[in-house]
Amino acid sequence: MPMYDRGKVLTGLAIFVIIMTFPVWYNLVRAQHVPKTELPKDVKQCVGTVDYMRSSHMQVLDIWRNEVVRDENRKVIELGGKQYVKSLQLGCMACHPDRKKFCDECHTYAAVDPFCWDCHFQPKETK
Amino acid sequence: MDVKRRKFLKIAGLSAVAGITAPTAFNSLLNGAAFASSTEHGAPPAAEGSHATGHGGHEEESNLFQYGMVIDIKKFAEHQGLAEKCVTACHSEHNVPDFGNPKDEIKWIWVDDYEHGFTGYSQNKSMTGLNDLPVLLTCNHCANPPCVRACPTKATFKNDHGVVVMDFHRCIGCRFCMAACPYGARSFNWRNPREKYANGNYKFYKNGINPNYPTRMRGVVEKCNFCPERLAVGKLPACVEATGNTKAMVFGNINDPKSEIAQVLSANFTIQRNPAAGTKPSVFYII
């Protein structure tokens, strides 16, 4: 069976396929840049295990927020002789002072855009 | 079966009446007691955490924990600039923005004159110089707060210490609470409270910045919270601390007869702002 305008049709098809699959391979290339997590120096422990904090830090923050703001439960968490305030600004950021490394590295990768910093200060911001 | 139209209509009507009334009658029989007691006073449902009773002007003694404040206007008149000092202390503690524009003004505590603070009281033949006194106004942390009832998200609520708290995280900016508050104690962030001047400084009140306290965001209502973050670490609210030893402001649990504030209240004649609104303000004034 003869094919009319073979060249035009095939190039058109090729362009169409490239455009349609663009998001797939674009993200394949981009996904190569897996975020590198960096533990804070001189700090050996956190309020949870690494796995737990990685998967559930948002729940921890929500629970803390509700306890502190709504339930008047500001009891300091004591772990291994160290005290942790239930606070993002004064608790978490005390050990993890760099927002870019500690928050944005993964959040940008995962396209998660939390609104903590609309109100809360990050350690360097006020200086 | 031959049913006459007349008979059919009779049966249909009777079934409809029975269907409508039976559940109601049944329910009222079941919960008769509870139903009667909840409507006894004809009072609106009590706000969460507060025991509002509808006994008109006669307020029942309450033993609930209720933080309150006594503001001694005479002492503020004696100490020039003390009222402004309190405002500065509060606003710089809480990173309150100052846009220099009354339309966008955010205020947690502010100075006004007697005439505007106590509109319910007659100004006829009033004491000379009464309106020159600096009157500090703030959220009254009412025992029966109308803002709490108006809030659709429970962003504002009464906590266990009787403080009407704002949970800024939950505020959707509907401003119902502002309409409900008879004291104008709530401010809305029309502008981003983190706006900066050209030189990179935040437009905060008197350039004060407290890195330990967050700001708010645009579209959120804010007001005085009685400094729960300071009370938690054993400090007094920022404004009370600013008055030092002058005793111009006394803070404490007004329902604890042994507290200093309860003794000040029982030893002095005090007035509240707009008591007729029935909100039971917890901020008292010695004029």
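Bear in mind that the values here come from a model prediction, so they are computed numbers and not experimental data. (Residues numbered from 1 in each chain as written. Chains lettered and ligands numbered in written order. Predicted model: local features only at pLDDT ≥ 70, side-chain atom pairs only at ≥ 80, totals over all residues.)

Caption draft 1: Region of the structure containing the overall build of chain A. Broken down by element type, chain A carries four helices and two strands. Order of helices (α) and strands (β) in chain A, N terminus to C terminus: α-α-β-β-α-α. Relative to the globule expectation of 14 Å for 127 residues, the C-alpha radius of gyration of chain A, 24 Å, shows a markedly less compact shape. If one aligns the C-alpha atoms of chain A with their principal axes, the spans along those axes are about 80 × 35 × 30 Å. For chain A, buried positions account for 6% of its 127 residues. Across chain A, every contact between residues at least 6 apart in sequence was considered, and the portion connecting residues at least 24 apart equals 52%. (Helix = DSSP H or I, 4+ residues; strand = E, 2+ residues; numbered from the N terminus. Rg over C-alpha atoms; globule rule 2.2 N^0.38 Å. Buried ≥ 20, exposed ≤ 12 C-beta atoms within 10 Å, placed from the backbone. Contact = placed C-beta atoms within 7 Å.)

Caption draft 2: Structural context of the overall build of chain B. Scanning chain B from terminus to terminus reveals ten helices and nine strands. For chain B, buried positions account for 34% of its 287 residues.

Caption draft 3: Examining the domain arrangement of chain A more closely. Assigned domains of chain A: these are domain 1 (1-32) and domain 2 (50-112). One C-alpha centre belongs to domain 1 of chain A, the other to domain 2 of chain A, and the line joining them spans 46 Å. (Domains from an automatic or database assignment.)

Caption draft 4: Inspection of the sheet that holds strand β1 (residues 67-72) of chain B at higher detail. Residues and elements named next belong to chain B. Pairing in this open sheet of three strands is mixed, and the strands run β8-β1-β9 from one edge to the other. The two strands at the open ends of the sheet, each matched to only one other strand, are β8 (249-253) and β9 (283-286). Sheet twist, expressed as the mean angle between neighbouring strand axes with direction ignored, is 20°. In this sheet, β9 lies alongside β1 in parallel orientation, the contact comprising four bridges. Across the sheet, residue I71 finds its bridge partner in β9, namely Y285. Contacts between helix α10 (residues 260-267) and the sheet are confined to β1, β8 and β9, with β8 contributing the most and set at about 115° to the helix. (Pairing = 2+ DSSP bridges. Axes fitted to C-alpha atoms, helices over the stretch in contact; angles between N-to-C directions.)

Caption draft 5: Molecular detail of helix α4 (residues 82-93) of chain B. All names here are of chain B. With twelve residues, α4 extends 16 Å from end C-alpha to end C-alpha; this agrees with the ideal 16 Å at 1.5 Å per step. Listed in full, the buried residues belonging to α4 are A83, C86, V87, C90, H91 and E93. Down the axis of α4, the buried set is contained in an arc of 165°. They therefore lie on one face. Within two residues after α4, N95 carries a phi angle of roughly 50°, on the positive side. (Expected span 1.5 Å × (residues − 1). Arc of directions from axis to C-beta.)

Caption draft 6: Seen up close, unusual backbone geometry. Residue and element names in this part refer to chain B. For N95, which is not glycine, the phi dihedral falls at a positive 50°. Mapped onto the fold, N95 is located in the loop between α4 and β2 (109-112). With a phi close to 55°, K280 is a non-glycine residue in the positive phi region. The partly exposed category is assigned to K280, around which 19 C-beta atoms lie within 10 Å.

Caption draft 7: Highlighting the nonpolar core. Judged by nonpolar contacts, the single largest core of 58 residues is most densely connected at I71, C86, I109, L136, C239 and M249 of chain B. Filtering out sequence-adjacent residues up to four positions away, I71 of chain B remains in contact with L136, M249, V283 and Y285 of chain B. (Core = buried A, V, L, I, M, F, W, Y, C linked by C-beta atoms within 7 Å.)

Caption draft 8: Examining the environment of I172 of chain B more closely. Residue and element names in this part refer to chain B. Its location among the elements puts I172 in the loop between β5 (164-166) and α7 (176-180). Overall, the presence of 13 C-beta atoms within 10 Å leaves I172 in the partly exposed class. Along the sequence, I172 and P152 sit 20 residues apart, while their C-alpha atoms lie 8.9 Å from each other.

Caption draft 9: A look at the pairing of β1 of chain B. Residues and elements named next belong to chain B. Where burial is concerned, most of β1 is hidden: six out of the six residues are buried. Residues Y67, M69 and I71 line one face of β1 and the alternating positions G68, V70 and D72 line the opposite face, and both faces are buried. Bridging between β1 and β8 involves five bridges; their strand directions are antiparallel. In the strand pairing of β8, M69 is matched with F251.

Caption draft 10: Region of interest: the confidence of the model for chain A. On average, chain A scores 88 in pLDDT, and the residues at 70 or more come to 97%. In the model of chain A, strand β1 (residues 77-79) of chain A stands out as the element of lowest mean pLDDT, 87, in contrast to helix α2 (residues 50-70) of chain A, which has the highest, 94. (pLDDT = per-residue confidence, 0-100.)

Caption draft 11: Layout of the environment of T88 of chain B. Take T88 of chain B: it is sitting in helix α4. With 156 residues separating them along the chain, T88 of chain B and G244 of chain B place their C-alpha atoms 14 Å apart.

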